[in-house]
Amino acid sequence: MFTFIIMNFLKTSFILFMMHSLHLQAQNISDFKWKNRIIVLYEHENNTAKVKNALQQINNSTNKLTERDLVVFIYKNGLLYTKENKETTIQNNNIVPYSYDGYMLIGKDGGIKFKSHYPFDIKQVFDLIDSMPMRRSEMKSKNKLF
C-alpha cells in the first residue's frame, strides 16, 4: 500500500513538473517589451511572394537588425513563426491584430509604431526607427562608449 501511494505521488509530481516546464517555455509577445523592437510580417495564401521578398531584405540586413534590437516574426494562421519559418510558442496577447495585409513595427514600449501594406521596405523601417527618440538615445550612448 505504501509503495502504491509513493508511486502515485511520484507520477503526479512528474506530471505537474512537466506542465510547469511547458508553461515556463511559453512566452508572450509582451515579454519583448523594453528589450526588442519587433517586425511582424503577415502571411497568407495571397502574399507569400511578398513575404519572401521581405525576408530576403531582412536576411541581407542582419547587422542592422541587431544594432536596432529588432526581432522578426511571421504571423500566419494565428501563430507566430521565426524568420526561419519555425513555429514558436510565443503567445500574441492581443498586441498583434489577428489579420492584416502587410507588416508592422512594434516599438520597445510595446506600441505599434508603424503599419504598412506590402511591398516591404527595410530602409523605410530603419529610417523610422533611427528617427525615434529612444533609438537616438541608444546611438548617443554607443558613441560615448567608443
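No experiment lies behind these values; they were computed from the predicted model shown.

The rules behind each value
- Residues numbered from 1 in each chain as written.
- Predicted model: local features only at pLDDT ≥ 70, side-chain atom pairs only at ≥ 80, totals over all residues.
- Heavy atoms only, no water.
- Pairing = 2+ DSSP bridges.
- Helix = DSSP H or I, 4+ residues; strand = E, 2+ residues; numbered from the N terminus.
- Polar contact = N/O pair within 3.5 Å; in protein donor to acceptor, adjacent residues only side chain to side chain.
- Contact = heavy atoms within 4.5 Å.
- Core = buried A, V, L, I, M, F, W, Y, C linked by side-chain atoms within 4.5 Å.
- Buried < 20%, exposed > 50% of the residue type's maximum accessible area, 1.4 Å probe, protein only.
- 1 Å grid on protein atoms, 1.4 Å probe; cavity = no way out; pocket = protein on both sides within 12 Å on 5 of 7 lines; lining within 4 Å.
- Points joined across faces, edges and corners; volume = space filled by probe spheres on them.
- Nonpolar A, V, L, I, M, F, W, Y, C, P; charged D, E, K, R; others polar.
- pLDDT = per-residue confidence, 0-100.

1. Quick word on the pairing of strand E3 (residues 79-82)
Part 1: In terms of strand pairing, strand E2 (residues 70-76) meets E3 through four bridges, oriented antiparallel. Residue Tyr 75 lies in a different strand from E3, and its bridge partner there is Leu 80.
Part 2: Connecting E2 to the antiparallel partner E3 that follows it, the hairpin turn spans two residues, and Asn 77 within it adopts a positive phi of roughly 50 degrees.

2. Some details on the side chain of Asn 47
Part 1: Tracing the chain through its elements places Asn 47 in the loop between strand E1 (37-42) and helix H2 (48-59).
Part 2: Of note is the side chain of Asn 47, whose polar atom sits 2.8 Å from the backbone nitrogen of His 44.
Part 3: Leave out the neighbours within four places in its chain, and Asn 47 touches Tyr 42, Asp 101 and Tyr 118.

3. Re the nonpolar core
Part 1: Counting residues in hydrophobic clusters, the biggest one holds 35 residues, and the most contacted among them are Ile 39, Val 40, Leu 41, Tyr 42, Leu 105 and Phe 120.
Part 2: Secondary structure elements with two or more residues in this core: E1, H2, E2, E3, strand E4 (103-106) and helix H4 (122-130).
Part 3: Aside from chain neighbours lying at most four places away, what touches Val 40 is Phe 73, Tyr 75, Val 96, Gly 102, Tyr 103, Met 104 and Ile 106.

4. Observations concerning the layout of surface pockets
Gaps left between atoms show up when a probe the size of a water molecule is rolled over them.
Part 1: Reported here for the largest pocket is a volume of approximately 190 Å³.
Part 2: Along its surface, the largest pocket is lined by Tyr 42, Glu 43, His 44, Glu 45, Thr 48, Tyr 75, Lys 76, Asn 77, Gly 78, Tyr 98, Ser 99 and Tyr 100.
Part 3: Here the lining of the largest pocket is built from residues that sort into four nonpolar, five polar and three charged.

5. Observations concerning the environment of Asp 121
Part 1: By the secondary structure assignment, Asp 121 is in the loop between strand E5 (112-116) and H4.
Part 2: Engagement of the side chain of Asp 121 in a polar contact is seen with the backbone nitrogen of Lys 123, the distance being 3.1 Å.

6. Considerations on the confidence of the model for the protein chain
Part 1: Per-residue confidence for the protein chain gives a mean pLDDT of 85; residues scoring 70 or more make up 80%.
Part 2: A low-confidence stretch, residues 13-26 stays under pLDDT 50, and its non-local contacts, those more than four residues away or across chains, total two contacts.

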